[in-house]
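# Summary of structural features
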Amino acid sequence: MSTRPTRLPKRLVLGAVAAVLALGSIAYAQDDPNVGGTLIVGFHASLEVMDVMGVTATRDEIWQMVFEPLVTMNAGLEPVGVLADSWSVSDDGLEWTFALRQGVTFHDGEPMTAADVAASYERLMRIGARRSEFVRITALEVIDEHTVVFRTDEPWGALPETFSMPSGAFVVYPERVVEALGEDLMGITDVELMIGTGPYQVEEIVPGERLVFTRFEDYTQPHGEASGWAGPRGQYLDEIVVLPITDEATRSLALFAGEVHIADQLPPEDVVRLDADPNTVAAYREPGRRTYLKMNDKHGPFTDHLLRQAVQIAIDLEEAMFTQGPEESWRVNPFVRYQEGQWMWDGEVMAPYYQADLERGRELVAESTYDGELIRYLTRPDLPDQYRPTSVVLELLQDLGLNAELMVVDGATFTDVRRDLTGWEIKSAGGGSVVPLSYLDASGIDRNGEPWNWVGDDWFEQLEIIANELDEDIRREAVLELNRISAEAAGEIWLGDLFSVVGVRDNVRNIPDWHYMRLFDVWLD
Amino acid sequence: MTIFIIRRLIVTIPVVLLVGIAAFLLVHLTPGDPADFFLDPDSPVEEIERIRARLGLDQPLPVQFVNWFGGVIRGDLGQSFHQRRPVLEMFGRAFPPTIYLTVTSLLLALIIAIPIGIFSAIRQDSLLDRFASVFVLIGVATPNFWLGLLLIQLFAVQLGWLPAQGFVRPEADVWGSLRSLILPSIALGYSGAALIARMTRSGMLEVLRQDFIRTARAKGIAENRVNYVHALRNAFNPILTVIGLAVASLISGSLVVELVFNFPGVGRLVVDSVFRRDYPVIQGSLLLIAGITIVVNLVIDMLYAVTDPRIRYA
């Protein structure tokens, strides 16, 4: 690895421009929609659970067809109403009044009312996977059939964002379904309980084989513009069949053989072949997944701030991201979160911290207390996004004069080992969800629920502003400051974002280029 | 023979018990927490603990074992952590595709391997024998998942003759079911065919050199009768042993082939369950696969007596 001049990666600078353009860039086709037909999707995951509230391991592309939340996020990751028509907050910031959209019916024909929202909220607080994030809500009051009020014990600006989180989501089930479920989770075969308000309803689920959804004829469209999960939801197809095909090579071959119309999450190396085949097209979904490195500042050599800074100043983010495949499928992004919308992306904030300067890195190693201790680099090959950069990063660590070696384990073992903070010194990490602002805190907390040592009072102060402040401009400034604090501490090195590659047959129309596939918007020629 | 079968079945009981204990311990000692697969990595620790309690993983290990094995004795293999369905019900759904796949692979292997083995022994060092050797060598050396991908590329993508993935259940469409079985059966059966062909050839060669074959020929018995009746029957017991081994290897090979062909069988169920640490399904699978292997071995032992009248079981 050679010494490089002080510079910010070109893609980082270009990213700032891209971020400005990103908000309005959802590319919908201009053709007239064709109504009818069956879409067959080769999906990367075998679906095992359907309880959107109870677990976070559900698949957004699937459940968003069937269930709807009060609030969702648009492509800018901003909260937008789905079942909520509008909301307002009282002057003291302690009362949030949500007006429900009227005329909405569940798949069984019954109207959706405030009683269903209340029942769903109570269930969320009993068994919800993310219920701890709602503890600031002290009460829910049903005002009338279409109005509910949430009361908080202190002003909580992030309430609508928390409601919009797709993972472990606050969706609305019919009150009778909530009663039928009791304390149980909704199983994948509990088809009779999968009653939502979404544009498609569950027709059949054969676990591990297929999921069949049919158009919900009495669906009432949300208002606004289609963006992210927000806005009107297309219903062009009669039927959507999802085939879980977990092996990516098979998924890809099924697409080329014409057995599926869409194959999601294909490896970046498939792009060349997808573009070469006259019957298929490669589409990218952005912002995709994140990949980063976490240094253990609670045990071992990386407790020394100088050593962490040495890795940070020396790493060439672009070189690390080059391992991820064609340049169209990734971007450098050292920010804690994505570049889209409300994240207030600003490349200049990070410029001083990432210089790709190996010589300066070596000087910092020499100034540190490092004395040749073993540095175990924990990683997992089952997640290629996280695994691919390991060769470059390992070489960097060794070039810095560190006694580093790879510790490659399977996914389940990785999850176990990373909790033991004496078991590793640096590890690969990543994330697959787009999350709103209030979810910044996750990066500062270790897997045992404790803050990392580098997390100080200033970090928490900014987090408080982001979570509680009602003024959006003040919140966004706090985001920038929090990113700067994070980079200064050098506890983690965010490498970039990977855009998911989706293989599509040439008769499939209207695949948006957003992070998630809005399957309900697709039509077939 | 009846006493032999009863004896073997009695011996099966401690074997199943040992497999059960080993399965339970191996699964629980393997790193990885099933609760992690229900929640995002950044979920609070208390939520992970709540999921663990829901799954019964907060109980001491001996209590978990007694609960699980008590159920096994009553014929209840437990409930999948993820699908929340009884393990036996999941097997009931996954087993038929695996059986169809294993049986067609075995039939394919036998139909190809035994004639090749016999002919290459009869025509030792001929061109046919050399071709057979190459066939065997390739079969032994080719990983079945790779062969599977090649077959999909050729017959599904390029030629469009056969489906690339999935399984059509025969009750839905018999012809479609057969078509969906062809490629995975070839991918799975080829290595077994190579093994059986090799053993058939060496078994036949050994028998063909024996005195009684020379005597048979001296008596003027037709060559075909010497080869197919006298020699083959005497060479068949070692072939039978290999077939037994091949069945076991087909079952284990189906783990990978089912993944490649997106076949909803036991193999994929096991692989998915291992990745998700779905303990009841993994434990149940190990028990059932051990049970099947024991039964197959028992059947092979019984067949020895059929093919070789000198063998008597008491």
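Criteria and cut-off values
- Residues numbered from 1 in each chain as written.
- Chains lettered and ligands numbered in written order.
- Predicted model: local features only at pLDDT ≥ 70, side-chain atom pairs only at ≥ 80, totals over all residues.
- Heavy atoms only, no water.
- Helix = DSSP H or I, 4+ residues; strand = E, 2+ residues; numbered from the N terminus.
- Buried < 20%, exposed > 50% of the residue type's maximum accessible area, 1.4 Å probe, protein only.
- Contact = heavy atoms within 4.5 Å.
- Areas by Shrake-Rupley, 256 points an atom, 1.4 Å probe, with all protein chains shown as cover.
- Lys, Arg positive; Asp, Glu negative; His and termini not counted.
- Charge placed at Lys NZ, Arg CZ, Asp CG, Glu CD.
- Salt bridge = Lys/Arg side-chain N within 4 Å of Asp/Glu carboxyl O.
- pLDDT = per-residue confidence, 0-100.
- Polar contact = N/O pair within 3.5 Å; in protein donor to acceptor, adjacent residues only side chain to side chain.
- Pairing = 2+ DSSP bridges.
- Axes fitted to C-alpha atoms, helices over the stretch in contact; angles between N-to-C directions.
- Parallel < 35°, antiparallel > 145°, perpendicular 65-115°, else oblique.
- Left-handed = near helix turned anticlockwise from the far one by under 90°.
- Domains from an automatic or database assignment.
- Buried area = accessible area lost by both parts, 1.4 Å probe.
- Nonpolar A, V, L, I, M, F, W, Y, C, P; charged D, E, K, R; others polar.
- Phe/Tyr/Trp six-rings, centres within 6.5 Å; stacked < 30°, edge-to-face > 60°.
- Lys NZ or Arg CZ within 6 Å of the ring centre and 35° of its normal.
- Expected span 1.5 Å × (residues − 1).
- Bend = angle between axes of the 7 residues up to and from the residue.
- Core = buried A, V, L, I, M, F, W, Y, C linked by side-chain atoms within 4.5 Å.

As a further point, take the overall build of chain B. Within chain B, the regular secondary structure consists of eleven helices and zero strands. Each principal axis of the C-alpha atoms in chain B carries an extent, and together these give about 85 × 55 × 35 Å. Buried residues in chain B amount to 47% of all 314 residues. By sequence separation, contacts in chain B at least 24 residues apart represent 72% of the contacts at least 6 residues apart. With the model as given, the accessible surface of chain B reaches about 15,200 Å², and the carbon-plus-sulfur share is 70%. Within chain B, one finds 26 positive and 22 negative side-chain charges whose respective centroids are separated by 14 Å.

Going through the model one piece at a time under the given rule, you end up with 41 salt bridges over all chains. The partner of D184 of chain A in a salt bridge is R84 of chain B, with the nearest N and O atoms 3.9 Å apart. Placement of D184 of chain A in the loop between α5 (175-181) and β8 (200-206) and of R84 of chain B in the loop between α3 (61-73) and α4 (87-122) is noted, with the two residues assigned to different chains. On the basis of relative accessible area, R84 of chain B is assigned to the partly exposed category, the value being 25%. A cluster of three or more residues bridged by salt bridges with shared partners is formed by E204, E209 and R210 of chain A together with R93 and R169 of chain B.

Even without being glycine, Q265 of chain A reaches a positive phi, approximately 45°. Structurally, Q265 of chain A can be placed in strand β11 (residues 262-266). One non-glycine residue with positive phi stands out, namely R277 of chain B, at about 55°. Turning to its location among the elements, R277 of chain B is positioned in the loop between α10 (266-276) and α11 (279-307).

The next subject is the side chain of D264 of chain A. All names here are of chain A. Mapped onto the elements of the fold, D264 is located in strand β11. Overall, the relative accessible area of 0% leaves D264 in the buried class. Setting aside residues no more than four positions away along its own chain, D264 makes contact with G42, F43, H44, R251, R285, V501, V502 and M517.

With that settled, consider the confidence of the model for chain B. Across chain B, pLDDT averages 87, with 98% of residues at or above 70. No element of chain B has a lower mean pLDDT than helix α2 (residues 45-54) of chain B, which averages 83, and none a higher one than helix α6 (residues 144-158) of chain B, which averages 94.

Residue and element names in this part refer to chain A. Tracing the backbone shows R475 in helix α16 (residues 472-489). With a relative accessible area of 0%, R475 lands in the buried category. One polar contact links R475 to E161, side chain to side chain, over a distance of 2.7 Å.

Right, let's talk about the sheet that holds strand β6 (residues 137-144) of chain A for a bit. All names here are of chain A. In spatial order, the strands read β4-β5-β7-β6; together these four strands make up an open sheet with antiparallel pairing. The open sheet has two free edges, formed respectively by β4 (84-89) and β6, since each of these has just one partner strand. Averaged over neighbouring strand pairs, the angle between their axes works out to 20° when direction is ignored. The strands touched by helix α3 (residues 114-127) are β5 (95-100), β6 and β7 (147-152); relative to β6, the strand with the most contacts, the crossing angle is about 165°.

Residue and element names in this part refer to chain B. Across the interface, helix α5 (residues 127-141) lies against helix α7 (residues 174-208) with an axial gap of 8 Å and an inter-helix angle of 135°. With respect to α7, the element α5 is oriented oblique. In terms of crossing hand, the pair formed by α5 and α7 is left-handed. Of α7, the residues touching α5 (which contributes D129, F135, V136, I138, G139 and V140) are Y190, S191, A193, A194, A197, R198 and R201.

Moving on, we come to the pairing of β7 of chain A. Most of β7 of chain A sits out of view: five of its six residues are buried. Joining the antiparallel neighbours β6 of chain A and β7 of chain A is a turn of two residues.

This part covers the domain arrangement of chain A. By the assigned domains, chain A splits into domain 1 (10-21 + 287-499) and domain 2 (45-244). For domain 1 of chain A versus domain 2 of chain A, the separation of C-alpha centres amounts to 33 Å.

As a measure of interface size, the accessible area lost when the parts come together is often cited. Between chain B and chain A, the contact holds 41 residues from the first and 52 residues from the second. Both sides together, the interface formed by chain B and chain A hides about 3,700 Å², and carbon and sulfur atoms give 47% of it. Across the contact surface, chain B and chain A share six salt bridges. Where chain B touches chain A, the interface holds 16 residue pairs in polar contact (both at pLDDT 80 or more). Sorting elements by how many residues they give to the side of chain B that touches chain A places α2 of chain B first, with six residues. For the side of chain B that touches chain A, a count of residues per class yields 19 nonpolar, seven polar and 15 charged.

Attention shifts here to the packing of aromatic side chains. Residues and elements named next belong to chain A. Summed over all chains, the structure comprises 31 aromatic pairs over all chains. Note on F98 and F163: the rings are 5.5 Å apart at their centroids and 35° apart in plane angle, and the pair reads as tilted. Of this pair, F98 sits in strand β5 while F163 is found in helix α4 (residues 159-164), placing the two residues 65 residues apart along the sequence. Each residue in the set W87, F98, Y121, F134, F150, F163 and F170 is aromatic and connected to the rest through ring pairs, giving one cluster. The ring of W424 has K427 lying over it, and the distance from NZ or CZ to the ring centre is 5.6 Å.

For α4 of chain B, with 36 residues, the first-to-last C-alpha span of 50 Å sits near the 52 Å given by 1.5 Å per residue. Where α4 of chain B bends most, the angle comes to about 35°, and this point is A94 of chain B, followed within four residues by the proline P96 of chain B.

Another point: the nonpolar core. Residue and element names in this part refer to chain A. In terms of nonpolar packing, the biggest core is built from 74 residues, with L70 and F150 touching the most fellow members. Residue contributions to this core peak at five residues, all from α3. Non-local contacts of L70, meaning those with residues more than four positions away in its chain, are made with G81, V82, L83, A84, F98, L100, V117, F150, F163 and F170.

All names here are of chain A. Positionally, V142 belongs in strand β6. For V142, a relative accessible area of 39% gives the class partly exposed. For V142 and V52, which are 90 residues apart along the polypeptide, the C-alpha to C-alpha distance reads 23 Å. Non-local contacts of V142, meaning those with residues more than four positions away in its chain, are made with A114, A118, T147 and V148.

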